[in-house]
Amino acid sequence: MADYDIVTAARREGRLTASDYIAKLTPDFMELHGDRLCGDDAAVIGGIGTIGKIPVTLIALEKGKTTEERIRHNFGSAHPEGYRKALRLMQQAEKFRRPVVCLVDTAGAFCGVDAEEHGQGRAIADNLAKMSTLRTPILSVILGEGGSGGALALCHSDRIWMMEDAYLSVVSPESCANILWKDTARANEAAEALALTAPKLRRLQLIDRICKAGDPKALAADITAELTELRKMTFTELLETRYRKFRTAGY
Amino acid sequence: MNLRSFFLKANNAPEKSGMRFGRHIVCKGCGRQLSVARLRREYFVCPACGRYITVRARRRILMLTDRRSFVEHDRDLISRNILAFPHYDEKLETARANSRENEAVVCGTAAVDGHPVCIFAMDANFMMGSMGTVVGEKITRLFEYATERHLPVIGVTVSGGARMQEGMFSLLQMSKVSAAVKRHSDGGNLYIVLLTDPTTGGVDASFAMLGDITLAEPGARVGFAGPRVIEKSLNQALPKDFQRAEQVQRCGFIDAIVPRREQRECIAKLIGWHTE
């Protein structure tokens, strides 16, 4: 399968979305709404549930399935309010020493006039900075699409996992081809060059694990095991390891 | 367009909002030819039409710091084509030639009114100030240096965003630098950002938006997504001052818009208030 086919497959309707995974990962999920500033962005689903007996804060970028749902969830593209809701719930998790699990599936942060005016850049930056010192384990899983800064804002984590058929990229292959070669038809070349598939990113040591797609049960077991390990670390160890993880990216 | 600027364009000679020719620069706002000596006195603001002419990173640092106080850090860090991305090597070479810099950011220590500071300035002439691993590494090292020594950091941003040719490595620089800024901040240290035209994409969504004090140049474009992307995806015309510093300030993301000739004094005052 060509890299570009992985990208288009990751976007296909009918795939398991984040809410499907949440339903399978936790028997008792309760959604918590709102950023406590001015809104509640449905592109981000947040709440608490237990994964293998561990209560965790779950934060997910949700695309929705039916047309109606997809519109309501804005096709998984979050506004600043969504990132601020995510941060609020992460800080709540920190207070109660609850691990955080982020499920990422987005083409990118929403590009629009209101998103800009409400500070999309600041919202993402704030998440990156504050997650870097959040005193509780954070684990992120890229389920399908991992589009640029909008995905990164939920990935300043102790572990970054990817579904075998997901992608994670600095830019969409189409935009990349358009900017570099003024030709969106060359998206397949761009996809190849960007090294955006799970196996390539694992080889570059930018992600920690490749997960079997469509198997929430196995994922739940892996998450439980990983969180149990991460919870054994002291906060100082945890934060120092997290800092080194990103510190060494590319250098 | 006069013949001279046409010729320069063909030669791909830079200086973004002003074409450079020997000791003269042609203002892109009004087309007037201005001597560099004159412009230096005017802080590179066109005396005829008021347009802000793009300033190289090094000149920027000279404009903001005490004479001869700047000591550069990590000048020799050079980008590699980690992903073997097509034509990236050639692009880097052209960028080095155009900008006379090794990378899109210049970092180091300097003094402002005698107070020691760390300073970085990005350079629009190097691949539009895009952030790859070397840019991320240099700025991270500067913040770590500043954190250890309790020094304030002054950052002058100009960037089109993350550097595509380095794939996920470049995106992760946002995380890396943001974490270093957070440590610097948690240490009780001051970070002043000066946003210049344009500051967008991954730089906007990381260290450009993490200052204790956020200053901007008049009219600078500041935003996450490019205006053309928004226009295209929404099919709507954008407000005239969309993503301009003045409008971004009204939205609540900029402390003060400071004209060029007042920037040095303004920053010196801020540094003074934060040093014993």
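Cut-offs and rules
- Residues numbered from 1 in each chain as written.
- Chains lettered and ligands numbered in written order.
- Predicted model: local features only at pLDDT ≥ 70, side-chain atom pairs only at ≥ 80, totals over all residues.
- Helix = DSSP H or I, 4+ residues; strand = E, 2+ residues; numbered from the N terminus.
- Rg over C-alpha atoms; globule rule 2.2 N^0.38 Å.
- Buried ≥ 20, exposed ≤ 12 C-beta atoms within 10 Å, placed from the backbone.
- Contact = placed C-beta atoms within 7 Å.
- Core = buried A, V, L, I, M, F, W, Y, C linked by C-beta atoms within 7 Å.
- Expected span 1.5 Å × (residues − 1).
- Domains from an automatic or database assignment.
- Nonpolar A, V, L, I, M, F, W, Y, C, P; charged D, E, K, R; others polar.

(A) Representation of the overall build of chain B. Broken down by element type, chain B carries 10 helices and 11 strands. The C-alpha radius of gyration computed for chain B amounts to 18 Å, which stays within 12% of the reference 19 Å derived for 276 residues, consistent with globular compactness. For chain B, the spread of C-alpha atoms along the principal axes amounts to about 55 × 45 × 40 Å. Relative to its 276 residues, chain B shows a buried fraction of 51%. Sequence-distant contacts in chain B: of pairs separated by 6 or more residues, those separated by 24 or more amount to 66%.

(B) Structural detail: the environment of B:Ile230. Residue and element names in this part refer to chain B. Relative to the elements of secondary structure, Ile 230 occurs in helix α8 (residues 227-234). With 22 C-beta atoms counted inside 10 Å, the residue Ile 230 sits in the buried group. On a C-alpha basis, the gap between Ile 230 and Met 164 in space is 19 Å, while along the polypeptide they are 66 residues apart.

(C) Geometry of the nonpolar core. In this structure, A:Leu103, A:Val104, A:Met162 and B:Leu195 are the most contacted members of the largest nonpolar core, which totals 150 residues. Sorting elements by how many residues they give to this core places helix α6 (residues 167-186) of chain B first, with 9 residues. With residues up to four places along the chain from it excluded, the contact list for A:Met162 reads A:Ile142, A:Leu168, A:Ala198, A:Leu201, A:Ile207, A:Ile210 and A:Cys211. Core analysis: the second largest hydrophobic core is formed by 10 residues, B:Ile25, B:Cys27, B:Leu34 and B:Cys46 among them.

(D) Representation of helix α6 (residues 120-131) of chain A in the model. Residues and elements named next belong to chain A. Compared with an ideal rise of 1.5 Å per residue, which puts 12 residues at 16 Å, α6 spans 17 Å between its outermost C-alpha atoms and is within 8% of the ideal. The buried fraction of α6 amounts to 11 of the 12 residues, a majority that puts the element mostly inside the structure. Every buried residue of α6 is listed here: Gln 120, Gly 121, Arg 122, Ala 123, Ile 124, Ala 125, Asp 126, Asn 127, Leu 128, Ala 129 and Met 131.

(E) Here's a closer look at the domain arrangement of chain B. Residue and element names in this part refer to chain B. Here chain B is partitioned into domain 1 (1-54) and domain 2 (55-273). Taken over C-alpha atoms, the centre of domain 1 sits 23 Å from the centre of domain 2. Across the contact, 10 residues belong to domain 1 and 10 residues belong to domain 2. Of the residues in the side of domain 1 that touches domain 2, the class split is 6 nonpolar, 2 polar and 2 charged.

(F) Up close: unusual backbone geometry. Residues B:Asp197 and B:Pro198 are joined by a peptide bond in cis, for which omega reads -15°. If you trace the backbone, B:Pro198 turns up in strand β8 (residues 191-200). Even without being glycine, A:Arg36 reaches a positive phi, approximately 65°. By the element assignment, A:Arg36 lies in the loop between β1 (30-31) and β2 (44-51). We note that B:Arg68 has phi near 60°; this positive angle belongs to a residue other than glycine. Here B:Arg68 falls in the exposed class, since 9 other C-beta atoms lie within 10 Å of it.

(G) Focus on the interface of chain A and chain B. Between chain A and chain B, the residue contacts involve 38 residues of the former and 43 residues of the latter. Among the elements of the structure, α5 (113-117), α6, α7 (148-152), β7 (167-169), α8 (173-181), α9 (187-194) and α12 (235-247) of chain A are those that each provide at least two residues to the side of chain A that touches chain B. Of the residues forming the side of chain A that touches chain B, the biggest block, 7 residues, is contributed by α6(A). Looking at the side of chain A that touches chain B residue by residue, the classes come out as 23 nonpolar, 11 polar and 4 charged.

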